Amino acid sequence: EAQLVESGGGLVQAGGSLTLSCVASGLPLDDYAIGWFRQAPGKEREGILCISRTDGTTDYADSVKGRFTISSDNAKNTVYLRMNNLKPEDTAVYYCAADLRYNYCSIYGWYDYWGQGTQVTVSS
């Protein structure tokens, strides 16, 4: 079955770093965009980064520019999210999602498939 699996979340002190991974399997197409989203307690889901497997196009939210980096290993069907200088306000469940219908990298875009999420908690 088609699925996306996130991993790498955990507890980290403010100023620390984490790397999240998103592994895609069983998708019907090879060309798609991967987006990272997060949802903090009591808040709406927020798009933070995305990357196109086709041409490497990326998009970043202002809240993570200069701190978060997205990259893709197409051979492994894996997208990585490197998070540096983490802040307490980064605490959230982080999700990856794939857009196969439009293959368009936008943090405001529509995505077809979603992972179950991984918890990131940043202590002060």
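These numbers were taken from a predicted model, which means no experiment stands behind them.

**Examining the state of the cysteines**
By definition, a disulfide links the sulfur atoms of two cysteine residues through a covalent bond. Applying the stated criterion across every chain, the model contains 2 disulfides. There is a disulfide in this structure between Cys22 and Cys96, and the S-S distance comes to 2.0 Å. Note on the Cys22 and Cys96 pair: the S-S dihedral is about 70 degrees, so by sign convention the disulfide is right-handed. Of the two residues, Cys22 is situated in strand S3 (residues 18-25) and Cys96 in strand S9 (residues 92-99); the sequence distance between them amounts to 74 residues. Residue classification places Cys22 among the buried residues on the basis of a relative accessible area of 2%. Exposure remark for Cys96: the relative accessible area of 0% places this residue in the buried category. Through a disulfide, Cys50 is tied to Cys105; the S-S separation comes to 2.1 Å. Given an S-S torsion of about 95 degrees, the disulfide between Cys50 and Cys105 has right-handed geometry. Placement of Cys50 in strand S5 (residues 46-52) and of Cys105 in the loop between S9 and strand S10 (113-114) is noted, with a sequence separation of 55 residues between them. Per residue, the accessibility class of Cys50 equals that of Cys105, and both read buried. With cysteine numbering restricted to those in disulfides and following the sequence, the chain has the pairing 1-3, 2-4.

**Remarks on the nonpolar core**
Within the largest apolar cluster, 28 residues are counted, with the highest numbers of intra-cluster contacts made by Trp36, Phe68, Leu81, Met83 and Tyr94. Sorting the residues of this core by element identifies S3, strand S4 (33-39), S5, strand S7 (68-73), strand S8 (78-83), S9 and strand S11 (118-123) as the ones contributing at least two each. Counting 8 residues, the second largest nonpolar core, distinct from the first, contains Phe37, Ala61, Ala97 and Ile107.

**A closer look at the pattern of salt bridges**
In the structure shown here, the tally under the stated rule is 4 salt bridges. Of the charged contacts in the structure, one is a salt bridge between Glu46 and Arg38, with a shortest N-O distance of 3.0 Å. Here Glu46 falls in the partly exposed class, since its relative accessible area comes to 31%. Given the relative accessible area of 7%, Arg38 is considered buried.

Cut-offs applied
- Residues numbered from 1 in each chain as written.
- Predicted model: local features only at pLDDT ≥ 70, side-chain atom pairs only at ≥ 80, totals over all residues.
- Heavy atoms only, no water.
- Disulfide = S-S within 2.5 Å.
- Helix = DSSP H or I, 4+ residues; strand = E, 2+ residues; numbered from the N terminus.
- Buried < 20%, exposed > 50% of the residue type's maximum accessible area, 1.4 Å probe, protein only.
- Core = buried A, V, L, I, M, F, W, Y, C linked by side-chain atoms within 4.5 Å.
- Salt bridge = Lys/Arg side-chain N within 4 Å of Asp/Glu carboxyl O.

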